[in-house]
Amino acid sequence: MTREAIDGFGIAARVLAGGGSVALGLYLGGMNNTAYEADWRVSVFSAVVIVGGVLLIALARRGLRTSRAGRISGTAAGAVGVLAGMVTPIQETCCDAVWVVSLGLPLPWTIGHGDTWTQAFQDSWHGTWDPVSAFSNVLFWAYAGMIVAVVVDLLRRRSDIDRVGAS
C-alpha cells in the first residue's frame, strides 16, 4: 500500500467516526430532551460527543497533530476523568433497609447494594456492570481529552501570535 492510500484510509476513518459520534450525540440528546425528566448527565455526554465528532471531522484533513503541551493536558484530562468516574459515587440512595451506590461519570456503569454505604460501595466494584455505559464513559473522556488538547493548542498558538505581533 502506498502512503497516500494509508493517509486516505485514516481520513475516511476519522470522518466516519466523527459523523457517527455527531449522529449518536444528536440522537441521545434529542431523546433525552424529549423525556419526561431530562437527565443532565446525558445532556453533557451528548454535547461532548457532538463537539468531539465535529473536531474529528474538522481535523480529518489536517490530522490530529497537537503540541506536546496539548497531548499531555488532553491525556491527563481523559485519564483523570476516567479514574474519577471509577471511584466517585454519582448517586447515593438510602432507605431503611439498603444503601444503593452508583459509580460512573457521567453515566453510571455499575451499581452496588449493601446494609451500609461502605458495603454498597464495595459491592459496586464486585457486582454486575454495564459494558455499554463503561465504554460510553471512556468515549466521553477520550473526547473530553481531545477537546482539552485542541483548546490548549489554540491558546498556545494565540499566545505565540500575540508575542510575535508585539515584537
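Residues numbered from 1 in each chain as written. Predicted model: local features only at pLDDT ≥ 70, side-chain atom pairs only at ≥ 80, totals over all residues. Heavy atoms only, no water.

Caption draft 1: Here's a closer look at the overall build of the chain. A tally of helices and strands in the chain yields 5 helices and 3 strands. When the elements of the chain are put in sequence order from the N terminus, they spell out α-α-α-β-β-β-α-α. For the chain, the accessible area works out to roughly 10400 Å², and carbon and sulfur atoms hold 68% of it. (Helix = DSSP H or I, 4+ residues; strand = E, 2+ residues; numbered from the N terminus. Areas by Shrake-Rupley, 256 points an atom, 1.4 Å probe, with all protein chains shown as cover.)

Caption draft 2: Quick look at the environment of A69. Here A69 is to be found in helix α3 (residues 68-87). Sequence-wise, A69 and R156 are 87 residues apart; in three dimensions their C-alpha atoms are separated by 8.8 Å. Those residues in contact with A69 that lie beyond four places of it in its chain are V152 and R156. (Contact = heavy atoms within 4.5 Å.)

Caption draft 3: Just the packing of helix α1 (residues 3-33) against helix α2 (residues 40-58), in detail. At a minimum axis distance of 7 Å, the contact between α1 and α2 shows a crossing angle of 155°. Between α1 and α2, the crossing angle belongs to the class labelled roughly antiparallel. Along this stretch, α1 crosses α2, giving a crossing that reads as left-handed. (Axes fitted to C-alpha atoms, helices over the stretch in contact; angles between N-to-C directions. Parallel < 35°, antiparallel > 145°, perpendicular 65-115°, else oblique. Left-handed = near helix turned anticlockwise from the far one by under 90°.)

Caption draft 4: Seen up close, the pattern of salt bridges. In the structure shown here, the tally under the stated rule is 1 salt bridge. Across the pair D39 and R41 runs a salt bridge whose closest N-O atoms are separated by 3.6 Å. Taking the relative accessible area as the measure of exposure, R41 reaches 16% and is therefore buried. (Salt bridge = Lys/Arg side-chain N within 4 Å of Asp/Glu carboxyl O. Buried < 20%, exposed > 50% of the residue type's maximum accessible area, 1.4 Å probe, protein only.)

Caption draft 5: Looking closely at the pairing of strand β2 (residues 99-103). The sheet contact formed by β2 and strand β3 (residues 110-114) spans 5 bridges and is antiparallel. In the strand pairing of β3, S102 is matched with I111. The loop that links β2 with its antiparallel partner β3 comprises 6 residues; one of these, G104, has a positive phi angle of about 130°. (Pairing = 2+ DSSP bridges.)

Caption draft 6: Fine view of helix α4 (residues 117-126). Those residues of α4 lying buried are A120, F121 and S124. Taken down its axis, α4 places every buried residue within 100° of arc, on the same side. (Arc of directions from axis to C-beta.)

Caption draft 7: A look at the packing of aromatic side chains. One pass over the structure, following the stated rule, counts 4 aromatic pairs. Seen in terms of ring centroids, W109 and W129 are 6.5 Å apart; in terms of plane orientation they differ by 85°. Their pairing is edge-to-face. With a gap of 20 residues between them, W109 in the loop between β2 and β3 and W129 in the loop between α4 and α5 (131-166) connect regions that are remote in the sequence. For W129, a relative accessible area of 51% puts it in the exposed group. Measuring from ring centre to ring centre gives 4.9 Å for F140 and W141, while their planes differ by 90°; the resulting arrangement is edge-to-face. Across this residue pair, the class does not change: F140 and W141 are buried. Chaining the aromatic ring pairs together yields one cluster made of F45, F140 and W141. (Phe/Tyr/Trp six-rings, centres within 6.5 Å; stacked < 30°, edge-to-face > 60°.)

Caption draft 8: Up close: the nonpolar core. Within the largest apolar cluster, 14 residues are counted, with the highest numbers of intra-cluster contacts made by F45, V48, F140, Y143 and M146. For this core, the secondary-structure elements that each account for two or more residues are α2 and α5. L103, A120, F121 and A134 belong to the second largest nonpolar core, which has 6 residues in total. (Core = buried A, V, L, I, M, F, W, Y, C linked by side-chain atoms within 4.5 Å.)

Keep in mind these numbers describe shape, not what the thing actually does.
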